[in-house]
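Examining the three-dimensional arrangement
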Amino acid sequence: EREQSPVKIEDHFDSENKILADSLYPDHQHHAELHRSLLGDLMELKARYIRGEILPAAFFSFLLDDLIFGHLLEEDSKYFSYTGKRRGTSKNEQN
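As a starting point, this report considers the structure included with it. (Residues numbered from 1 in each chain as written. Predicted model: local features only at pLDDT ≥ 70, side-chain atom pairs only at ≥ 80, totals over all residues. Heavy atoms only, no water.)

1. A short note on the packing of aromatic side chains
With the rule as written, the count across this model stands at three aromatic pairs. Between tyrosine 25 and tyrosine 79, the aromatic rings sit 5.9 Å apart at their centres with planes inclined by 65°, giving edge-to-face as the arrangement. Placement of the pair is tyrosine 25 in the loop between α1 (5-22) and α2 (28-50) and tyrosine 79 in helix α3 (residues 57-86), with a sequence separation of 54 residues. Residue tyrosine 25 is classed as buried on the basis of its relative accessible area, which comes to 8%. Cluster of aromatic residues (ring-pair linked, three or more members): Tyr25, Tyr79 and Phe80. (Phe/Tyr/Trp six-rings, centres within 6.5 Å; stacked < 30°, edge-to-face > 60°. Helix = DSSP H or I, 4+ residues; strand = E, 2+ residues; numbered from the N terminus. Buried < 20%, exposed > 50% of the residue type's maximum accessible area, 1.4 Å probe, protein only.)

2. Focus: the environment of leucine 39
One can find leucine 39 in helix α2. Taking C-alpha positions, leucine 39 is 9.1 Å from phenylalanine 13, a pair spaced 26 residues apart along the chain. For leucine 39, the contacting residues outside a window of four places in its chain are Pro6, Ile9, Glu10 and Phe13. (Contact = heavy atoms within 4.5 Å.)

3. What about unusual backbone geometry?
Not every positive phi belongs to a glycine, and leucine 24 is a case in point at roughly 60°. One can find leucine 24 in the loop between α1 and α2.

4. Observations concerning α1
With 18 residues, α1 should cover 26 Å at 1.5 Å per step; its first-to-last C-alpha distance of 26 Å lies within 8% of that length. By the burial criterion, the buried members of α1 are Pro6, Ile9, Phe13, Glu16, Asn17 and Leu20. The buried residues of α1 occupy one face: seen down the axis, they fall within an arc of 105°. Relative to its buried face, α1 has exposed residues pointing more than 90 degrees away, namely Lys18 and Asp22. At the C-terminal side of α1, leucine 24 shows a positive phi close to 60°. (Expected span 1.5 Å × (residues − 1). Arc of directions from axis to C-beta.)

5. Quick look at the nonpolar core
In this structure, Ile9, Phe13, Leu38, Leu39, Leu42, Leu45, Ile54, Phe59, Phe62 and Leu67 together form the largest nonpolar core, which totals ten residues. Secondary-structure elements contributing two or more residues to this core are α1, α2 and α3. Ranked by residues supplied to this core, first place goes to α2 with four residues. With near-sequence residues (within four places) excluded, leucine 38 lies in contact with Phe13, Phe62, Asp66, Leu67 and His71. (Core = buried A, V, L, I, M, F, W, Y, C linked by side-chain atoms within 4.5 Å.)

What follows is the structure, encoded as C-alpha cells:
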C-alpha cells in the first residue's frame, strides 16, 4: 500500500488538473506547478525513507502539514467556488 500512495496522489492531482483546465480556472497552470512540487517533495521523502534517513512519521507530517493544511485547505479552497459556479452547482445557484 505504501508503494501505491505516491501513484494515487499523482492520479488525484492529474484528475484535479484536468478539471481545473476544463473549467477554465484562471490559475490552473500555477496550481499544476504546486502539484508537481508536492509530488517531488513526496518522492524525495520516499527516497530518504528507503535509505533509512527519516522515520515514517515524516510522511504523516507531510500529509498533514503540506498536503492537507497547506494545499487542500489553503490552495484548493481558492478554486472550490469557481469550479462550482462554472458547473452551475454553487450553493447560491441551487437556492
